[in-house]
Amino acid sequence: MTAQQKSLLEDLRQKMAGNSSVISYEYVLEADGIRTGGSGVLTTQDQAYRMSGNGLDIMCNGTAVWVMDTAGKEVVMESVAEGADAYMMNPALLFTDLESLFNVGTPVSDGALKTYSLTPKASCGISSGKVSVDNSGKVPVFSSGSFCLSDGSSLTVKIKSMTFSEKKPLTFYTLDISGLDSSWMITDLR
């Protein structure tokens, strides 16, 4: 990969490293012949993220993960996964840590859109993938991603918008369960 081709991903990585990124997305997951989809908003910075969509709110401050089902009044707390499992549990890492996890191929250009093929460097639950970066604005942004998972299922993500803002305090990525009343079922698996 030439320095110019690599610099597009590096510019995006640096922009994400110095800011909070807000990504509005739609996804389709195909597994065992069943197709499911949804949409949501992912806010990410460093190892922390907050994802809201399809009735769930997921918060991760880098050490713990809270999955909250508001309609069902249920919260599950877990420790952050380590190693290869971390990439399946933290969707932000698939985009922010691309070059650590994947060998990144030479991009295929279609105007301002550059699509990179991805081959995992080690077992991570993903057998192959592609990400597309839109370079038409001031800062490159992700526009889509598709991943073939090791179990034969596939995940396709379309990025509807991606913006950057100042980093948020870690409390934004942490669920304070003290504000939940006794009608909530809270499971702590940490």
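What you are looking at is a predicted structure, and each value in this text was computed from that prediction instead of being measured. Just so you know, the residues in each chain are numbered from 1, in the order the chain's sequence is written. Local features are withheld for residues below a pLDDT of 70 in this predicted model, meaning they are given only at 70 or higher, and side-chain atom pairs are given and counted only at 80 or more; totals for whole chains, interfaces and linings count all residues. Excluding hydrogens and water, the side-chain values take into account all heavy atoms of the structure.

Describing the overall build of the protein chain
Note the following rule: Each helix is a run of H or I in the DSSP string that is no shorter than four residues. Each strand is a run of E no shorter than two, and both are numbered from the N terminus. Partly exposed describes any residue whose relative accessible area lies between the buried limit of under 20% and the exposed limit of over 50%, with all areas from a 1.4 Å probe on protein chains only and scaled to the type maximum. In what follows, residue pairs with any heavy atoms lying within 4.5 Å of each other are defined as contacts.
Of the regular secondary structure elements, the protein chain holds four helices and 13 strands. Across the 190 residues that make up the protein chain, the buried fraction comes to 34%. Nonlocal contacts in the protein chain, meaning residues at least 24 apart in sequence, comprise 47% of its contacts between residues at least 6 apart.

As for unusual backbone geometry
One non-glycine residue, D32, adopts positive backbone phi at about 50°. Relative to the helices and strands, D32 resides in the loop between β1 (20–31) and β2 (34–45). The class for D32 is exposed, based on a relative accessible area of 79%. With a phi close to 55°, N54 is a non-glycine residue in the positive phi region.

Some details on the pairing of strand β3 (residues 48–53)
If a strand is regular, its side chains alternate between the two faces of the sheet. Definition in use: Here the rule is simple: two strands pair whenever DSSP picks up at least two bridges between them.
With five bridges joining them, β2 and β3 adopt antiparallel strand pairing. Paired with Q45 across the two strands is A48, which belongs to β3. Linking β2 back to β3 in an antiparallel pair, the connection comprises two residues, with D46 at a positive phi of about 50°. Summarising the sheet, β3 and strand β4 (residues 56–60) pair through five bridges and their orientation is antiparallel. Note on β4: the bridge partner recorded for R50 is M59.

Things to note about the nonpolar core
Quick reminder of the rule: Side-chain atoms within 4.5 Å are what join buried Ala, Val, Leu, Ile, Met, Phe, Trp, Tyr and Cys residues into a set we call a nonpolar core.
With 29 residues, the main nonpolar core has F142 and M162 as its most contacted residues. The contacts of M162, once residues within four sequence positions are left out, are L12, M16, S21, V22, I23, V141 and F142.

Focus: the packing of aromatic side chains
Geometrically, a pair of aromatic rings is defined through the distance of the ring centres and the angle of the planes. The test is simple: In this analysis, rings of Phe, Tyr and Trp, with Trp reduced to its six-membered ring, are considered paired at centre separations within 6.5 Å, and the interplanar angle assigns stacked below 30 degrees, edge-to-face beyond 60, and tilted for intermediate values.
Throughout the structure, instances matching the rule amount to two aromatic pairs. On the numbers, 6.4 Å between centres and 40° between planes, the contact of Y25 with Y27 is tilted. Under the relative-accessibility criterion, Y27 is labelled partly exposed at 23%. Relative to Y173, the ring of F172 has its centre 5.0 Å away and its plane inclined at 85°; by these criteria the two rings are edge-to-face. For F172, a relative accessible area of 25% translates into the label partly exposed. By relative accessible area, Y173 is classed as buried at 0%.

Focus: the environment of L113
Looking at the secondary structure, you find L113 in strand β9 (residues 113–120). Sequence separation between L113 and D134 is 21 residues, and the spatial gap between their C-alpha atoms is 4.6 Å. Setting aside chain neighbours within four positions, we find L113 in contact with V108, S132, V133, D134 and S143.

Comments concerning the pairing of strand β10 (residues 126–134)
Pairing of β9 with β10, which is carried by six bridges, proceeds in the antiparallel orientation. Each bridged residue has a counterpart across the sheet, and for L113 the counterpart in β10 is D134. Turn length for the β9-β10 hairpin, with the two strands adjacent in sequence and antiparallel, is five residues, and the turn residue G125 shows positive phi of about 90°. Summarising the sheet, β10 and strand β11 (residues 141–149) pair through eight bridges and their orientation is antiparallel. Paired with V133 across the bridge in β11 is F142. The hairpin formed by β10 and β11 contains six residues between the paired strands.

Observations regarding the side chain of S143
Of note, S143 is situated in strand β11. Beyond its immediate stretch of four places on either side in the chain, S143 contacts L113, S132, V133, D134, K158 and I159.

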